[in-house]
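Chain by chain, the residues:
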Amino acid sequence: MLKPEVATALNQQVELEAQSSHAYLAMAVWAETQGYDGTANFLYRHAEEERGHMLKLIRFINERGSKAVVPALGAPSPYFSGLKEAFESVLEHETRVTESINEVVDVCLRVKDYPTHNFMQWYVAEQLEEEGMARRILDRLALAGDSSGALYHFDRDITSIEPMEEGQGA
Ligand code: FEO
C-alpha cells in the first residue's frame, strides 16, 4: 500500500497529465479549424500520449494497493492568437508538469518510497524530452516569424519533430 502522502502526490500528477491531454486536444481542434493540419495531427497524437502518461500512473497506483482518483476536468482554452501562442502555452504547461514531477520525487525520497521513486524516473526523463521538444518548436516558429509561406512549411514539417513513443517515452 502506498503511503498517503505518496498516493496524494501521484493522484495530483494523474490530474495534471489528464489536464495536459485535455489542453492539447483543445489545441488540436483549434489548429485543425485554422487549417494547420500537420500541427493538428501532432497535437492529437500528443494528447493521446498525455493520456498514456495518466494511465501509466493510474495503473501503478492501483497495483501498489491504493486507488487512483479519476479527476474532474475544466474546459481548456479553445482560442489562440497563432501557433506561437499555442506552443508557448505547451512549454508553460510542460514546465509546470516538470515541477510537479520533481515534487513527487521529493515526496518519495522524504518517506523513503524507493519503488515509486524508481517508477518516477521514467517521467523525469520524459519531461526533459518534452520540454526540449517544445523549445525546438518555438525556435522554428521564431525563424518562421509572420511569413505565411514559412508557417506553411512549419505546419507541413512539424510531424518530423517526433513526440516520444510508447516505451521510449509514453
Ligand atoms: Fe506527460 Fe507532457 O507531461
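Above this text you will find the structure in question.
Residues numbered from 1 in each chain as written. Predicted model: local features only at pLDDT ≥ 70, side-chain atom pairs only at ≥ 80, totals over all residues. Heavy atoms only, no water.

## With respect to the overall build of the protein chain
Here is step 1 of the chain: If you tally the helices and strands in the protein chain, you get 5 helices and 0 strands.
Here is step 2 of the chain: Reading the helices (α) and strands (β) of the protein chain from amino to carboxyl end gives α-α-α-α-α.
Here is step 3 of the chain: At 17 Å, the protein chain has a C-alpha radius of gyration in line with the 15 Å of a compact globule built from 170 residues.
Here is step 4 of the chain: Taking all 170 residues of the protein chain together, the buried fraction comes to 49%. (Helix = DSSP H or I, 4+ residues; strand = E, 2+ residues; numbered from the N terminus. Rg over C-alpha atoms; globule rule 2.2 N^0.38 Å. Buried < 20%, exposed > 50% of the residue type's maximum accessible area, 1.4 Å probe, protein only.)

## Observations regarding the packing of aromatic side chains
Here is step 1 of the chain: Under the defined criterion, the tally for this structure stands at 7 aromatic pairs.
Here is step 2 of the chain: A ring pair is formed by W30 and F80, whose centres lie 5.5 Å apart and whose planes are at 70°; its orientation type is edge-to-face. On the criterion of sequence distance, the pair formed by W30 in helix α1 (residues 4–33) and F80 in the loop between α2 (37–63) and α3 (83–110) is long-range, its members being 50 residues apart.
Here is step 3 of the chain: Accessibility expressed as a relative area gives 6% for W30, which makes it buried.
Here is step 4 of the chain: With a centroid separation of 3.8 Å and an interplanar angle of 5°, the aromatic rings of F60 and F119 are classed as stacked. (Phe/Tyr/Trp six-rings, centres within 6.5 Å; stacked < 30°, edge-to-face > 60°.)

## What to know about the pattern of salt bridges
Between side chains of opposite charge, pairing is possible as soon as their charged atoms come close.
Here is step 1 of the chain: Counted according to the given criterion, the structure contains 5 salt bridges.
Here is step 2 of the chain: A salt bridge links R64 to D113, with the shortest nitrogen-to-oxygen separation between them at 3.6 Å. Taken together, the residues R64 in the loop between α2 and α3 and D113 in the loop between α3 and α4 (114–144) connect sequence positions 49 residues apart.
Here is step 3 of the chain: Accessibility expressed as a relative area gives 6% for D113, which makes it buried.
Here is step 4 of the chain: The salt bridge involving K84 is made with E88; its shortest N-O contact spans 2.9 Å. Of the two residues, K84 and E88 both sit in helix α3, 4 residues apart, roughly one turn of that helix.
Here is step 5 of the chain: Look at E88 and you get partly exposed, because its relative accessible area is 35%. (Salt bridge = Lys/Arg side-chain N within 4 Å of Asp/Glu carboxyl O.)

## What to know about the packing of α2 against α4
Helix-helix packing is characterised by the crossing angle of the two axes and by the distance between the axes.
Here is step 1 of the chain: Contact pair α2 / α4: the axes reach a minimum separation of 12 Å and the direction vectors enclose 170°. In terms of orientation, α2 lies roughly antiparallel with respect to α4. With respect to the hand of their crossing, α2 and α4 are arranged in left-handed fashion. On α4, the residues touching F42, H46, E50, H53, K56, L57 and F60 of α2 are P115, T116, F119, M120, W122, Y123, E126, E130, M133 and I137.
Here is step 2 of the chain: Partitioning the contact of α2 with α4 into residue classes produces 10 nonpolar, 3 polar and 4 charged. (Axes fitted to C-alpha atoms, helices over the stretch in contact; angles between N-to-C directions. Parallel < 35°, antiparallel > 145°, perpendicular 65-115°, else oblique. Left-handed = near helix turned anticlockwise from the far one by under 90°. Contact = heavy atoms within 4.5 Å. Nonpolar A, V, L, I, M, F, W, Y, C, P; charged D, E, K, R; others polar.)

## Let's talk about the environment of A125
Here is step 1 of the chain: Following the sequence through the fold, A125 ends up in helix α4.
Here is step 2 of the chain: Separated by 27 residues in sequence, A125 and T98 have C-alpha atoms that sit 9.8 Å apart.

## Some details on α4
Residues spaced three or four apart along an α-helix face the same direction, because each turn holds 3.6 residues.
Here is step 1 of the chain: Here α4 contains 31 residues, and its C-alpha end-to-end distance of 45 Å stays within 8% of the 45 Å for a straight helix at 1.5 Å per residue.
Here is step 2 of the chain: A bend of about 25° at M120 is the largest found in α4. (Expected span 1.5 Å × (residues − 1). Bend = angle between axes of the 7 residues up to and from the residue.)

## What about the nonpolar core?
Here is step 1 of the chain: Core analysis: the biggest nonpolar cluster contains 27 residues, and L83, F87 and I137 have the highest contact counts within it.
Here is step 2 of the chain: Every element with two or more residues in this core is listed here: α1, α2, α3, α4 and α5 (148–157).
Here is step 3 of the chain: Ignoring anything within four residues of it in the chain, the contact list for I137 reads F42, F87, F154, I158 and I161.
Here is step 4 of the chain: The next biggest cluster of nonpolar side chains, apart from the first, holds 25 residues, and it includes A7, A18, V97 and V107. (Core = buried A, V, L, I, M, F, W, Y, C linked by side-chain atoms within 4.5 Å.)

## Regarding the side chain of E17
Here is step 1 of the chain: Tracing the backbone shows E17 in helix α1.
Here is step 2 of the chain: Nearest to the buried, unbridged E17 among oppositely charged side chains is K56, at 11 Å.
Here is step 3 of the chain: Contact partners of E17, with chain neighbours within four places excluded, come to E50, H53, M54, L57, V97, I101 and Y123. (Lys, Arg positive; Asp, Glu negative; His and termini not counted.)

Shape is all these values report; function is a separate question.
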